[in-house]
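What the coordinates show
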Amino acid sequence: MSRDGSKPVDRRSFLGRLGAGAAASVALGTLGLPRLEGDLAQAAPIGPMTDEQRALAALEMRRDMAQLAYDRPHTPHENNGEEEDYPNRIANYSKALPHDNLGEVDPAAYDALLGALASGDKADFEAIPMGLGRTLTNPQAGLAFDLQGPDAWHLAIRPHPRIDSAEHSGEAAELYWMSLLRDVEFTGFDTDRMVAQAAREMSRFSDFRGPKEGAEVTPKTIFRGITPGDVTGPYVSQFMLKDIQYGSLAISHRQQTVVGGIDYLTDFDSWLNAQNGGRSGPVRLDPVPRYIRNMRDLTHYVHVDALYEAYLNACLILLGMGAPFDPGNPYVHSGNQHGFGTYGGPHILSLVTEVATRALKAVWYQKWFVHRRMRPEEFGGRVHVHKSGRASYPINAELLGTEALDLVRRRHGTWLLPQAYPEGAPTHPSYGAGHATVAGACVTILKAWFDESFVIPDPVVPNPAGRALAPYTGPDAGALTVGGELNKVAANIASARNMAAIHWRTDYSESIKLGEEVAIGILEEQKASYNEGGSFTLTRFDGTTITI
C-alpha cells in the first residue's frame, strides 16, 4: 500500500463492491464441488480411468491448481509515495491527458483517472478528460483474472526510484547517454571516445546499479543487462543474429531498420504536443535490411515486434540446432518414445508464447494500479523546464551538471531527452515494462526446457554495416551458453526500450523478475497434469537454481 493506505487500490474492497455472491464465489470453500472419495480418491490423477473417474479427476486437478494459486502468498503492493508527496503529479505518468504550458497535468483529469482506477467502473474510464486524440492503453487489463499461473494481484515489484534519489539520476543519465550513442556500432564500443566518456561519467554516480568491472562502468559493461551471461561475448544475443528455421522457411535476422541520426521530441512545442496526446508522423526507414549493429537498430526492432517474437525465434533456433532438452525431461531417458504434445517441440513452441499474455496482465496491474511511474520522456520535460528556470522541481542534483545533459543541449538546443520514435512513449505508465515482463516469462520457460549449459556452436557477430555476419572469435567464444544467451536476449529486448528513451533501467531489471514469477507459477501448475512426471531445472535471473 502507499503511505496514506489508500492507494494502490485494495483488491478486497474492490471485490466487496462486486456484491456478496460474486465475492463469495471466489473462495474455493464455497463452491460446493464434490471431493473424490474411496476408490476414486486413490486413482492416479491421470492414466487409465473410467469416464466418470476421469471427469472427477479433471475436476479435482483444476480445483487443486486453483487452490495452489489461491495459497500463494500475497506480496504487499507499495509505491514510492511520490503521488502523495507531489500533489501536482510532476513525478507520475500523465501522457495523453491535458497539460498546461509547462507540461504539468490538469489536476481534474488526473483525479478522474484515479477515480476510474479506484472504482473499476467502465463508465468512469470513458469519462476521463483526454488531450489531443491519443488514448490510454488498456488500463482495465490490470483488473483481469487469469485461470492459470499466479493471479496478477498476487505479485509485486519494489517501488521504483524516486525523482529526488541518486538512483533515479543514474538511470536518467544512462538514458541521455544512450540517446547520444544510438548510432555507434556495438563492435566499436571498445574504441569509441564518447562511449569511454559515458562510461567514466556513469562510474561517478553514487547509486548507479548497472553492471561494472570492479567499481567501474566500462565500454564492455555499459548499457548491458544484469543477469548471468549478459557481459559475455557480443552485445547482441546469438538468438537475434542466427538464421531461424521456421518450418520449410529459412529466415534471416537481417531486419528493416531506420535512418540513423534522427531523433524526435527535442523541441518543447513538439514535446508538449506529445504530452497532450497529439499525433505524430512516421519514422524514416532505411531501405537496406541489416543485422542489428547498434542501439538505433534495436530500438526499431522493439518498436514493431510482436511481444514474444524474439523468444519464439530463439525456441525455433534451439530446436533447429538440436540443442538438448533439460535432463529432467522424461523423454531424454526414453528408448522408445519421444515427446510431442507433451515435453516435445509443439509443446514448448506453444508454451513459450502462451505465457506472454499472462505476463502482460501481471505488469498492467503494476503499471496502472500501483506505481503510475512517469515516462523518461516526461521527466526530460521536467529537466528542461527546471534548467530553463521556468519552474523548480525536486530533481536529484547528481544529474543536473552532467556532461550528458550538456552534450544533448549542444546537439539539440534543449535539455529534453531525445526520443527514438516520433510519438515518443506509449500511452501507459512506465513501471513495470511490458516488453521486459514478457521477456522474463518467455525466457524462463526456455531456460526450464533446454539444457542451459549447452554451448552455442559457431557464434557470429555483424560487420560494422550490418550487412553480413562474421564468425565471433573473441576469447569467450566458447562461453556463450544457452542460458547466458537467453538472459542476454531478454536484456537486449528490454534494454532496447530504454535505448529508445521510453523506459528506465529498473523497468527492465524488476520486470524480468516479475515475468519469471509468472512463468514459474505456470510451470508448477502445468507439470501436475503430465502423465510422464519429469522436472524442470532452471537458473533464475539472480543466479540461483531451482527445480520444479
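Shown above is the structure to which this text applies.
Anyway, here's the lowdown on the structure attached to this text. (Residues numbered from 1 in each chain as written. Predicted model: local features only at pLDDT ≥ 70, side-chain atom pairs only at ≥ 80, totals over all residues. Heavy atoms only, no water.)

**Quick notes on the packing of aromatic side chains**
Evaluation of the coordinates by the stated rule reveals 15 aromatic pairs. Seen from their ring centres, Trp153 and Tyr365 are 4.6 Å apart, and the 20° between their planes marks the pair as stacked. Taken together, the residues Trp153 in the loop between helix 7 (122–126) and helix 8 (166–180) and Tyr365 in helix 13 (residues 345–371) connect sequence positions 212 residues apart. For Trp153, a relative accessible area of 3% gives the class buried. (Phe/Tyr/Trp six-rings, centres within 6.5 Å; stacked < 30°, edge-to-face > 60°. Helix = DSSP H or I, 4+ residues; strand = E, 2+ residues; numbered from the N terminus. Buried < 20%, exposed > 50% of the residue type's maximum accessible area, 1.4 Å probe, protein only.)

**Structural notes on the side chain of Thr266**
Relative to the assigned elements, Thr266 resides in the loop between strand 3 (255–258) and helix 10 (268–275). Beyond its immediate stretch of four places on either side in the chain, Thr266 contacts His412, Thr414, Leu416 and Pro418. (Contact = heavy atoms within 4.5 Å.)

**Re the layout of surface pockets**
Picture a little ball the size of a water molecule; that probe, rolled over the atoms, points out where space is still empty. Its volume calculated, the second largest pocket comes out at about 370 Å³. What lines the second largest pocket is a set of 19 residues, and nearest its centre among them are Phe186, Thr187, Arg224, Gly233 and Pro234. For the lining of the second largest pocket, the residue count by class is 10 nonpolar, 3 polar and 6 charged. (1 Å grid on protein atoms, 1.4 Å probe; cavity = no way out; pocket = protein on both sides within 12 Å on 5 of 7 lines; lining within 4 Å. Points joined across faces, edges and corners; volume = space filled by probe spheres on them. Nonpolar A, V, L, I, M, F, W, Y, C, P; charged D, E, K, R; others polar.)

**Comments concerning helix 13**
An α-helix turns once every 3.6 residues. As a result, residues three or four positions apart point the same way. Its 27 residues give helix 13 an end-to-end C-alpha distance of 38 Å, which sits within 8% of 39 Å, the value for a rise of 1.5 Å per residue. Among the 27 residues that make up helix 13, 19 are buried, leaving the element largely enclosed by the rest of the structure. Immediately downstream of helix 13, the backbone of Arg372 shows phi near 50°, a positive value. (Expected span 1.5 Å × (residues − 1).)

**Regarding the packing of helix 8 against helix 14 (residues 376–388)**
Packing of helix 8 against helix 14 leaves a shortest axis separation of 11 Å and a crossing angle of 100°. Considering their axes alone, helix 8 and helix 14 lie roughly perpendicular with respect to each other. Between helix 8, through His168, Ala172, Leu175 and Tyr176, and helix 14, the contact on the second element is made entirely by Pro376, Phe379, Gly380 and Val383. Residue classes in the contact of helix 8 with helix 14 are distributed as 6 nonpolar, 2 polar and no charged. (Axes fitted to C-alpha atoms, helices over the stretch in contact; angles between N-to-C directions. Parallel < 35°, antiparallel > 145°, perpendicular 65-115°, else oblique.)

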